[in-house]
Amino acid sequence: MKILDGKTLSEKILKQISETVQSISARPPRLDMIIVGNDFASEKYVMMKEKKAKEVGFDGAIHRLARDCAESEILQKISELNSYDLVDGFMVQLPIPGNHDSRKLIDTISVEKDVDGLTSTSLGRVFKGQEGFAPATAVGVMKLFAEYEIGIKGARVVIIGASDIIGLPLLGLMQLQGATVTIANEFTKDLSEITSQADIVVSAVGQPKLIKSKYIKLGAVVIDVGISKDPLTGKLSGDVDFEDVSNVAAYITPVPGGVGPMTVACLLENTLSAWKLKTQVS
Ligand code: GUN
């Protein structure tokens, strides 16, 4: 069994970004983030993104809105950042608490600044293989496959979870490369029967240790995108029972140190691209 080391690969990507930023004489790229409320996990993600953005030399600001803010306040903030020329890209951390229509809000982000790749336009472009920003987690997973020379064409792939952040864009990216992709969801009957036929299993559910060795074919590749608190141990856990699945998988991503750091690196890479497009540097 081989570990897919997202930490090391992400550090390589961050180093390249940092070198590019250092070599430019123009203003540095700028990534802003909007966070509504103070959900523990969202705070952690935003802090991590801010830390890495600073380390590679980006400018940026975090815009905090109250948990119970009006929809108009979120729309106003998005509109402000759309118009503010010095902001190359920005994102709204999800989930947005309360009863807000996230899709409606996200779709007001200018597609040129949608470095999180979550607007309907960006997602549509992913499916058609058009230029644009793809969601960072999905790009991160594709980069891990490329780095470890894992073949996609003709592979049988099962993705558990059909989210905008990972499941759907990864379906788009993988089918473009010739994979046969199945998306499983909460209504899927006999999940292990389906996953145990797959060459690649991607789990993005947020259910600690859902995936055991009986779900996985001998020699398969297992990508763990889930992160949640294990009620048994109180610790953060992936969707995959790492120790058990290690006995059958050929490749596996650890939690932490697998997909998570790749998401941050790919978000910053998208921001660098947005900056390049804006300042016409290639
Ligand atoms: N919440 C968890 N992951 C993500 C992400 O990649 N983007 C946004 N906007 N919110 C998230």
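See the structure shown above.
Each chain has its residues counted from 1, running along the sequence as written. With pLDDT at 70 or above as the cut-off, local features in this predicted model cover only qualifying residues; side-chain atom pairs require 80 or more to be listed or tallied, and sums for whole chains, interfaces and linings still use all residues. Each side-chain value is worked out from all heavy atoms of the structure, with water and hydrogens disregarded.

**Quick notes on the layout of surface pockets**
How we decide: The way it works is a 1 Å grid over only the protein atoms, where trapped points that fit a 1.4 Å probe form a cavity and open points with protein on both sides within 12 Å along at least five of seven lines form a pocket, and then any residue with an atom within 4 Å of a point lines it. Grid points are joined across faces, edges and corners, and a volume is the space filled by probe spheres set on the points. Under the scheme used here, helices are H or I runs from DSSP no shorter than 4 residues and strands are E runs no shorter than 2 residues, and both carry numbers assigned from the N terminus. Each residue is assigned to one of three groups, with Ala, Val, Leu, Ile, Met, Phe, Trp, Tyr, Cys and Pro labelled nonpolar, Asp, Glu, Lys and Arg labelled charged, and all others, Gly among them, labelled polar.
The space that makes up the largest pocket amounts to roughly 1500 Å³. Elements with a contribution of two residues or more to the lining of the largest pocket: helix 1 (6-22), helix 2 (40-55), strand 4 (89-92), helix 6 (136-147), strand 9 (228-229) and helix 10 (259-279). Here the lining of the largest pocket gets 8 residues from one element, more than from any other, and that element is helix 2. Counted by class, the lining of the largest pocket contains 26 nonpolar, 12 polar and 9 charged residues. Size it by volume and the second largest pocket reaches roughly 540 Å³. Along the wall of the second largest pocket there are 21 residues; nearest its centre are Gln130, Glu131, Gly132, Phe133 and Leu277. Of all the secondary structure elements, the ones that give two or more residues to the lining of the second largest pocket are helix 5 (120-128) and helix 10. In terms of residues, the lining of the second largest pocket owes the most to one element, helix 10, which gives 7 residues.

**Things to note about a nonpolar patch on the surface**
This is how the line gets drawn: Candidates for patches are residues over 30% relative accessible area with no salt bridge; among them, like charges are joined within 9 Å and nonpolar side chains (Val, Leu, Ile, Met, Phe, Trp, Tyr) within 5 Å. Method for areas: the Shrake-Rupley scheme with a 1.4 Å probe, in which residue coverage is limited to the protein chains shown. Each salt bridge in this description consists of a side-chain nitrogen of Lys or Arg and a carboxyl oxygen of Asp or Glu lying within 4 Å of one another.
A contiguous nonpolar surface patch, about 270 Å² in accessible area, is contributed by Tyr45, Ile227 and Leu236. Along the chain, the position of tyrosine 45 falls in helix 2.

**Structural notes on the site of the ligand**
Our working definition: Throughout, near means a residue has at least one heavy atom within 4 Å of the molecule or strand. Pairing of N or O atoms within 3.5 Å defines a polar contact, subject to two protein rules: one partner must be a possible hydrogen donor and the other a possible acceptor, and residues neighboring in sequence count only if both atoms are side-chain atoms.
By nearness alone, every residue bordering the ligand is listed as Met91, Val92, Gln93, Leu94, Asp116, Leu118 and Ile165. Here a nitrogen atom of the ligand sits 2.9 Å away from a polar atom, N or O, in the main chain of leucine 94. Protein contacts shield 86% of the accessible area of the ligand, which totals 280 Å² for the unbound molecule. Considered class by class, the residues forming the shell around the ligand number 5 nonpolar, 1 polar and 1 charged.

**Some points on helix 1**
Rule in force here: Expected span of a helix, by definition, is 1.5 Å for each gap between consecutive residues, and there is one gap fewer than residues. We call a residue buried when its accessible area falls under 20% of the maximum for its residue type, exposed when it is over 50%, and partly exposed in between, using a 1.4 Å probe and counting protein chains only. Any two residues whose heavy atoms approach within 4.5 Å are treated as being in contact.
Relative to the 24 Å expected for 17 residues at 1.5 Å per residue, helix 1 spans 24 Å between its end C-alpha atoms, a close match to the ideal helical length. Along helix 1, the residues classified as buried are Gly6, Leu9, Ser10, Ile13, Leu14, Ile17, Ser18 and Val21. Looking at the packing, one finds that the buried side of helix 1 touches helix 2, helix 6 and helix 10. The backbone nitrogen of lysine 7 has a side-chain oxygen 3.2 Å away, supplied by the residue at the start of helix 1, namely aspartate 5.

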